[in-house]
Amino acid sequence: MIFEKIQAIVAEELGKEAEEITLTTNIQEDLDADSLDLFQIINEIEDEFDVKIETEEGINTVADLVKYVEAQQA
């Protein structure tokens, strides 16, 4: 559920197909996202899940985003 929503946000922000995005996808390396793209993705995720992501550090893959959101909601 969380993964699917994050997958959709990342796909929409970067103009990619959702099927291209898996848990192991590295947002910057695999999807050519720059720091502004990552900032926009994080803002969308914060709005969608009502969480606050304090830092982009350690957030490289889609799985990192999913884990972060799960931890915030726990």
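As the structure is a computational prediction, the values presented were derived from the model and not from experiment.

**Side note on the UniProt feature "domain: Carrier" (unreviewed entry) in the chain**
Right, so step 1: With numbering aligned to this structure, UniProt lists the feature "domain: Carrier" (unreviewed entry) at residues 1–74.
Right, so step 2: As a span, residues 1–74 carries 61% helix and 0% strand, and end to end its C-alpha atoms are 15 Å apart.

**Thoughts on the nonpolar core**
A general tendency of soluble globular proteins is for nonpolar side chains to be buried together.
Right, so step 1: The biggest cluster of nonpolar side chains holds 22 residues, and the ones touching the most others in it are I6, I27, I41, I45 and L65.
Right, so step 2: Mapped by element, the contributors of at least two residues to this core are α1 (2–14), α2 (27–31), α3 (35–49) and α4 (62–73).
Right, so step 3: Looking at this core, the element that brings in the most residues is α1, giving six residues.

**Observations concerning the pattern of salt bridges**
Right, so step 1: Applying the stated criterion to the full structure yields two salt bridges.
Right, so step 2: Where E48 meets K5, a salt bridge forms, and the shortest distance between an N and an O atom there is 3.4 Å. You can see E48 sitting in helix α3 and its partner K5 sitting in helix α1, a full 43 residues away along the chain.
Right, so step 3: By relative accessible area, E48 is classed as partly exposed at 41%.
Right, so step 4: Residue classification places K5 among the partly exposed positions, given a relative accessible area of 30%.
Right, so step 5: Ionic pairing is found between K52 and E46, a salt bridge with its closest N-O pair at 3.6 Å.
Right, so step 6: In this structure E46 comes out as buried when scored by relative accessible area, which is 11%.

Conventions used here
- Here the residue index of a chain counts from 1 through its sequence in written order.
- Only residues with pLDDT of at least 70 are given local features in this predicted model, and only at 80 or more are side-chain atom pairs given and counted; all residues enter the totals for whole chains, interfaces and linings.
- Only hydrogens and water are set aside when side-chain values are computed; all heavy atoms of the structure are taken into account.
- UniProt positions are given in the numbering used here, feature names are shortened, and annotations may be inferred rather than shown by experiment.
- Under the DSSP-based scheme used, a helix requires at least four consecutive residues in state H or I and a strand at least two consecutive residues in state E, with every element numbered from the N terminus.
- Side-chain atoms within 4.5 Å are what join buried Ala, Val, Leu, Ile, Met, Phe, Trp, Tyr and Cys residues into a set we call a nonpolar core.
- With a 1.4 Å probe rolled over the protein chains alone, any residue whose accessible area is under 20% of its type maximum counts as buried; one over 50% counts as exposed, and the rest are partly exposed.
- A side-chain nitrogen of Lys or Arg and a carboxyl oxygen of Asp or Glu constitute a salt bridge if their distance falls within 4 Å.

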